Amino acid sequence: MIAAAGLRKTFGATLVLEDVTLDVPAGQCLAVLGPNGTGKTTLLRILATLARPSAGTLRIDGVDAVREPDAVRARIGMVAHGSHVYEDLTALENLRFWAAMGGLDASPARLHERLQAVELDTVADERARTFSAGMKRRLGLARVTLGRPRLLLLDEPFNGLDRRGQKWLGEFLLAFKAGGGAIVLATHGFASALAVADRAAILLGGRIALDRAAAGLERDALHRLYDDLIEAER
Amino acid sequence: MSYRPVVRALGWLALLALLAGLGMAFGYAPREAVQGNVQRIMYVHVPAVLTAYLAFGLVLIGSIGYLASARMGWDRLAAAAAELGVLFTGITIASGSIWGRPTWGTWWTWDARLTSTAILFLVYVGYLLLRAMVEEPERRGRFAAVVGIVGAANIPIVHFSVKWWRALHQPSTILGPEPSPIAAPIALALLANWVAFTLLFAYFLARRVEIARLEDAALQGAVRAR
Amino acid sequence: MSGYARRVGIVLWKDLLVERRTKESLNALLFFGLLLLFLFQFSLGPDRAQVESVLPGLLWLGFVLAGLLGLGRSFLAERDNDCWEGLLLTPGDKSAIYLGKLASNLVLMTVVEALVLGLFVIFFDIDIRRALPGLFIVVALGTFGLATVGTLFAAMTANVRAREVLFPVLLLPVQVPVLLATVSATQVALAGQPLADARAWLQLLAAADLVYLVIGVLTFEFVLEA
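Quick caveat: nothing in here was measured; it's all calculated off a predicted structure. (Residues numbered from 1 in each chain as written. Chains lettered and ligands numbered in written order. Predicted model: local features only at pLDDT ≥ 70, side-chain atom pairs only at ≥ 80, totals over all residues.)

Engineer: How should the overall build of chain C be read in this particular structure?
Structural biologist: Counting secondary structure elements, chain C contains 10 helices and zero strands. For chain C, the N- to C-terminal ordering of α and β elements is α-α-α-α-α-α-α-α-α-α. Relative to the globule expectation of 17 Å for 226 residues, the C-alpha radius of gyration of chain C, 18 Å, shows essentially globular dimensions. Looking at chain C as a whole, 47% of its 226 residues are labelled buried. Once local pairs closer than 6 in sequence are excluded, the contacts in chain C between residues at least 24 apart make up 83%. (Helix = DSSP H or I, 4+ residues; strand = E, 2+ residues; numbered from the N terminus. Rg over C-alpha atoms; globule rule 2.2 N^0.38 Å. Buried ≥ 20, exposed ≤ 12 C-beta atoms within 10 Å, placed from the backbone. Contact = placed C-beta atoms within 7 Å.)

Right, here's the structure in full:
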């Protein structure tokens, strides 16, 4: 699904990512962990074709995403901090806009069905300005699944969600995987990440310091590995 | 790259041509009957504006080239050409102003060429300002290219609108070559200076692009992890 | 409906919906237009004859200044919540977004201009009945020229340092020839002369509008890319 090799990104004279290589097959989830400022967001943006790598190759679903970003965009859904919500539109109007922009079915039936799926149907006609961060994130997930993306890219998706919300999101992501989609999520939350991830990678100083299967890895063990790596970095 | 000796030769050639041109402007060309010696500034004013237009044409080419290929070389060309274009536009305006003062008594006349040049000056100063405000090189090149294209497309529009506006409001001033037929020595001196300015422009352009290329290479080499 | 047309339509729908709901831009611009009128009146003094001769210029000065404010806000909503990137991620030709934004800007500007014109007529006691059809054409062409480049530059400067200064600095020099044409043509219209007298100006405006529109459509995707 995703085949990234040797990704490198510089902003002016600052090196943000160096030699990042990942492979995420369909139906699997990769959790990318790491301290703030380590390049997780930049990596996600490159995977989303929002930024171009300074070097390296990226293939998504077999297509060269660097040379043909537009061919790939229809298959990707991204929910980042922003969640792409227009504050002055209602939840329903937001979905209608993004559905039409994506060339997708924007019928009221379909839009309401999506809102129901993320439990926002009761506030369909409320302006997004009144929503909590978690609700905006759920709206973002509704938007992103209007089409049927093959890849979900999520930046800190569990932030701002209460326990119930986190449980809900976990189930949502597992169902997405079961449907054959691939997920890459960047997060701080080890427990929530391990609940959905098949592989965990730790990004440190712009490089991948660890990349292993999440099976059998408990939160504390991962924590220890993480702390060791950070110590080693010093 | 073995361009360096060529560029150096170009520099010497430009200097020689400039000296020759100035010599012709002051020695060979006749003294103008009505305006006197001050009219000789035309030998700077006219070549300067022609060179400025050449520069802006190169900005257009560099801009289109960059958008089409995403190769930095085109952007470096556009940026260097824009800087020189602003320089030569400045020279045009200054020389036009100096010419106008003893001739018409004012530092500024709304002469068609002067007005058009002033508008272009503002457009491309804006171009340079935009470049100064955007740090990421790839983004800077793209945005500058768009402004470069708009600026160049605007040139004919500026030319016609100013020309017709001038016809409406003021009689034409004579801040240009003698009305036809142009005497041979004047035409020759003009041509010589134009060639000299073009050579000088080419030399400056080559050096400026080279400096930009070295800066980019140095930046690449200085890349450090966060 | 073809995907492209659908996207143009939905961008237009969204912008108009937001504007109708918040009325942010419209109210501010109308009030600004009123303030400008007062400013003009006070800075020019009560001498009617003096004001009348500069009326076309004042009218367009008002349109351009209000236009600068309105156009500068075109992409403000997109800066919240990463909606900009959301637009970037949508498949297909991004110029549809440009056309949708252009359309909504034209609607907004037309409403504001109509009201400013109305205020002008009242305050300066102008008889525009004869002038109206001609005036309408001039204003339409001039506004289109302002909006095409304005929408493009607004997108470009939306995420750049010193946006509030850079936007007018880039837009105004490009607008000067358009302004020369519209003011001259408006003068013809207000004087009650047949519009055929201003034919050259109108043709120039139409040509400029077309050029700007084509450049906008072709280069918008380069401006949208992060």
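Engineer: How should I be thinking about the interface of chain C and chain B in this particular structure?
Structural biologist: In many reports, interface size means the accessible area that the parts give up when they come together. Contact with chain C, which involves 24 residues of that partner, is made by 25 residues of chain B. At the level of elements, helix H8 (132-157), helix H9 (163-190) and helix H10 (199-224) of chain C are the ones that each hand at least two residues to the side of chain C that touches chain B. Among the elements that make up the side of chain C that touches chain B, the one with the highest residue count is H9 of chain C (10 residues). A per-class count over the side of chain C that touches chain B returns 20 nonpolar, two polar and two charged. (Nonpolar A, V, L, I, M, F, W, Y, C, P; charged D, E, K, R; others polar.)

Engineer: Any chance you could explain unusual backbone geometry here in plain terms?
Structural biologist: If a residue is not glycine, its phi is most likely negative; likewise, a peptide bond is most likely trans. One non-glycine residue, Glu119 of chain A, lies in the positive phi region at around 60 degrees. Position of Glu119 of chain A among the secondary structure elements: in the loop between helix H4 (108-117) and helix H5 (133-144). The exposure class of Glu119 of chain A is partly exposed, given the 14 C-beta atoms found within 10 Å. Although it is not a glycine, Lys23 of chain C adopts a positive phi angle of roughly 55 degrees. Tracing the sequence through the fold places Lys23 of chain C in the loop between helix H1 (3-22) and helix H2 (24-44).

Engineer: Any chance you could explain the confidence of the model for chain A here in plain terms?
Structural biologist: In regions of low pLDDT, the predicted coordinates are not meant to be interpreted in detail. Averaged over all residues, the pLDDT of chain A equals 86, while 99% of them reach at least 70. The secondary-structure element of chain A with the lowest mean pLDDT is helix H8 (residues 219-233) of chain A, recorded at 76, while helix H3 (residues 91-101) of chain A shows the highest, at 95. (pLDDT = per-residue confidence, 0-100.)

Engineer: Would you mind showing me how to read the sheet that holds strand S6 (residues 76-79) of chain A here?
Structural biologist: Note: strands within a sheet are paired through backbone hydrogen bonds, in either parallel or antiparallel orientation. Residues and elements named next belong to chain A. Strand order in the open sheet made by the six strands is S6-S7-S8-S3-S9-S10, with mixed pairing throughout. On the outer flanks of this sheet lie S6 and strand S10 (207-213), each paired with one strand and no other. Taking the axes of each pair of neighbouring strands and ignoring which way they run, one obtains an average angle of 15 degrees across the sheet. As defined by bridge partners, strand S3 (residues 29-33) adjoins strand S8 (residues 182-187) across five bridges and the pair is classed as parallel. (Pairing = 2+ DSSP bridges. Axes fitted to C-alpha atoms, helices over the stretch in contact; angles between N-to-C directions.)

Engineer: Help me understand the environment of Thr90 of chain C, please; the structure alone is not making it clear to me.
Structural biologist: Tracing the sequence through the fold places Thr90 of chain C in the loop between helix H6 (83-89) and helix H7 (95-124). Sequence separation between Thr90 of chain C and Pro168 of chain C is 78 residues; the distance between their C-alpha atoms is 29 Å. With sequence-adjacent residues up to four places away left out, Thr90 of chain C is seen in contact with Met101 and Gly102 of chain A.

Engineer: Can you help me understand the pairing of strand S9 (residues 199-204) of chain A in this one?
Structural biologist: Strand residues, when the strand is regular, have side chains that alternate between the two faces of the sheet. Residues and elements named next belong to chain A. Of all six residues that make up S9, five are buried, and the element is covered over most of its length. Judged from the four bridges that link them, S3 and S9 form a sheet pairing that is parallel. Paired with Leu33 across the two strands is Ile202, which belongs to S9. Bridge count between S9 and S10: six bridges; the pairing is antiparallel. Across the sheet, residue Leu203 finds its bridge partner in S10, namely Ile208. Between S9 and S10, which pair antiparallel and follow one another directly, the connecting turn spans two residues, one of which, Gly205, has a positive phi of 55 degrees.

Engineer: When you look at the nonpolar core in this model, what are you seeing that I'm missing?
Structural biologist: A general feature of soluble globular proteins is that nonpolar side chains tend to end up buried together. Among the nonpolar cores identified, the biggest contains 206 residues, and Ala31, Leu153 and Val184 of chain A together with Ala78 and Ala81 of chain B are the most heavily contacted of them. There are two domains that each give this core at least three residues, and those are domain 1 (2-75 + 149-233) and domain 2 (86-148) of chain A. Residue contacts for Ala81 of chain B: discarding those within four places in its chain leaves Ala55, Leu58, Val59, Gly62 and Leu205 of chain B. (Core = buried A, V, L, I, M, F, W, Y, C linked by C-beta atoms within 7 Å. Domains from an automatic or database assignment.)

Engineer: Teacher, can you tell me more about the packing of helix H4 (residues 55-72) of chain C against H8 of chain C here?
Structural biologist: For any two helices packed against each other, the geometry comes down to the angle between their axes and how far apart the axes lie. Residue and element names in this part refer to chain C. Two numbers describe how H4 lies on H8: the axes approach to 9 Å, and their chain directions differ by 35 degrees. By crossing handedness, the relation of H4 to H8 is classed as right-handed. Contact with H4, carried on its side by Val64, Gly67, Leu71 and Gly72, involves Leu146, Ala147, Gly150, Thr151 and Ala154 of H8 and no other residues of that element. Tallied by class, residues from the contact of H4 with H8 come to five nonpolar, four polar and no charged. (Left-handed = near helix turned anticlockwise from the far one by under 90°.)

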